[in-house]
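Summary of structural features
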Amino acid sequence: MSFEIRKIVSYVEETFIEGGKATDKPVSMAGLAVVIKNPWAGRGFVEDLKPEIRANCSDLGALMVERLTALIGGADKIEAYGKAAVVGADGEIEHASAVIHTLRFGNHYRQAVNAKSYLSFTNKRGGPGTSIQIPMMHKDDEGLRSHYITLEMQIEDAPRADEIVVVLGAADGGRLHPRIGNRYIDLEELAAEKAQ
């Protein structure tokens, strides 16, 4: 058994200038979205979501990781990563969560990029053309704020009421010209202020 896929959408953007200042190394962000029929829609309140999770999520994760890593030029190029899901009006937020918040789905991505960090995420309800935000962070270090970066995309005809849009995001770098420091610098500064 596998999720019924209506379409796969890919999105890539490259940023060369930020704040009026060019960079020597542009940052590429890629998103891969799969629009699936919601297997729980129209069935009333489904108490146990696990049969569909066990049957479908691993295959979906493997498919998406293979396509996303190819889209950005290889798993070794990915520095920041994240995931998102948007459920249509006839579904529950829990249905979107059921697809992306399982190790059967997410471990494919973590293993492909040899990551240590958890996958940052969003899950929400929306209709066709809704804004999809994929928050990302450094795959190895949650404290590196330079890699707190968000990819935004949309699909004009998805999700339909009985669909879920499942998305993985990747970036080959962080924000251009990061200047706010990181979590570790903040901790040092706060400790120094308390010591005074």
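Everything in this summary refers to the structure shown in the same document.

What counts, and where the lines are drawn
Residues numbered from 1 in each chain as written. Predicted model: local features only at pLDDT ≥ 70, side-chain atom pairs only at ≥ 80, totals over all residues. Heavy atoms only, no water. Core = buried A, V, L, I, M, F, W, Y, C linked by side-chain atoms within 4.5 Å. Buried < 20%, exposed > 50% of the residue type's maximum accessible area, 1.4 Å probe, protein only. Helix = DSSP H or I, 4+ residues; strand = E, 2+ residues; numbered from the N terminus. Contact = heavy atoms within 4.5 Å. Salt bridge = Lys/Arg side-chain N within 4 Å of Asp/Glu carboxyl O. Polar contact = N/O pair within 3.5 Å; in protein donor to acceptor, adjacent residues only side chain to side chain.

1. What about the nonpolar core?
- Judged by nonpolar contacts, the single largest core of 32 residues is most densely connected at Val 99, Tyr 109, Ile 164 and Val 166.
- Among the secondary structure elements, those contributing two or more residues to this core are β2 (21-37), α1 (50-72), β3 (80-87), α2 (93-100), α3 (103-112) and β7 (163-171).
- Per-element tally for this core: the top contributor is α1, with seven residues.
- Excluding anything up to four places from it in sequence, Val 99 contacts Phe 3, Ile 36, Trp 40, Cys 57, Leu 60, Phe 105, Ile 164 and Val 166.
- With 20 residues, the next largest nonpolar core counts Met 29, Val 86, Met 136 and Val 167 among its residues.

2. Considering the pattern of salt bridges
- Counted according to the given criterion, the structure contains seven salt bridges.
- Here the salt bridges share partners, and the residues they tie into one network are Arg 6, Lys 7, Asp 157 and Glu 163.

3. A few points about the side chain of His 138
- Examined against the element boundaries, His 138 turns out to sit in strand β5 (residues 132-138).
- In terms of polar contacts, His 138 uses its side chain to reach the backbone amide nitrogen of Asp 140, at 3.0 Å.
- Within the structure, the side chain of His 138 is placed 3.5 Å from the backbone nitrogen of Asp 141, a separation counted as a polar contact.
- Excluding residues within four positions of it along the chain, His 138 makes contact with Glu 79, Ala 80, Ser 117, Leu 144 and His 147.

4. Points about unusual backbone geometry
- That bond from Ala 158 to Pro 159 is cis: its omega, 0 degrees, falls within 30 degrees of zero.
- By secondary structure assignment, the location of Pro 159 is in the loop between β6 (149-153) and β7.
- Its identity as a non-glycine residue notwithstanding, His 177 has a phi of 55 degrees, on the positive side.
- The residue His 177 is located in the loop between β7 and α4 (183-195) in this model.

5. Structural notes on the environment of Val 87
- Structurally, Val 87 can be placed in strand β3.
- The buried category is assigned to Val 87, whose relative accessible area is 0%.
- Residues Val 87 and Asp 172 lie 85 residues apart in sequence; the distance between their C-alpha atoms is 28 Å.
- The residues contacting Val 87, other than those within four sequence positions of it, are Asn 38, Glu 92, Ile 93, His 95, Ala 96, Lys 124, Arg 125, Gly 126, Pro 159, Glu 163 and Ile 164.

As far as function goes, none of this settles anything; it's purely spatial.
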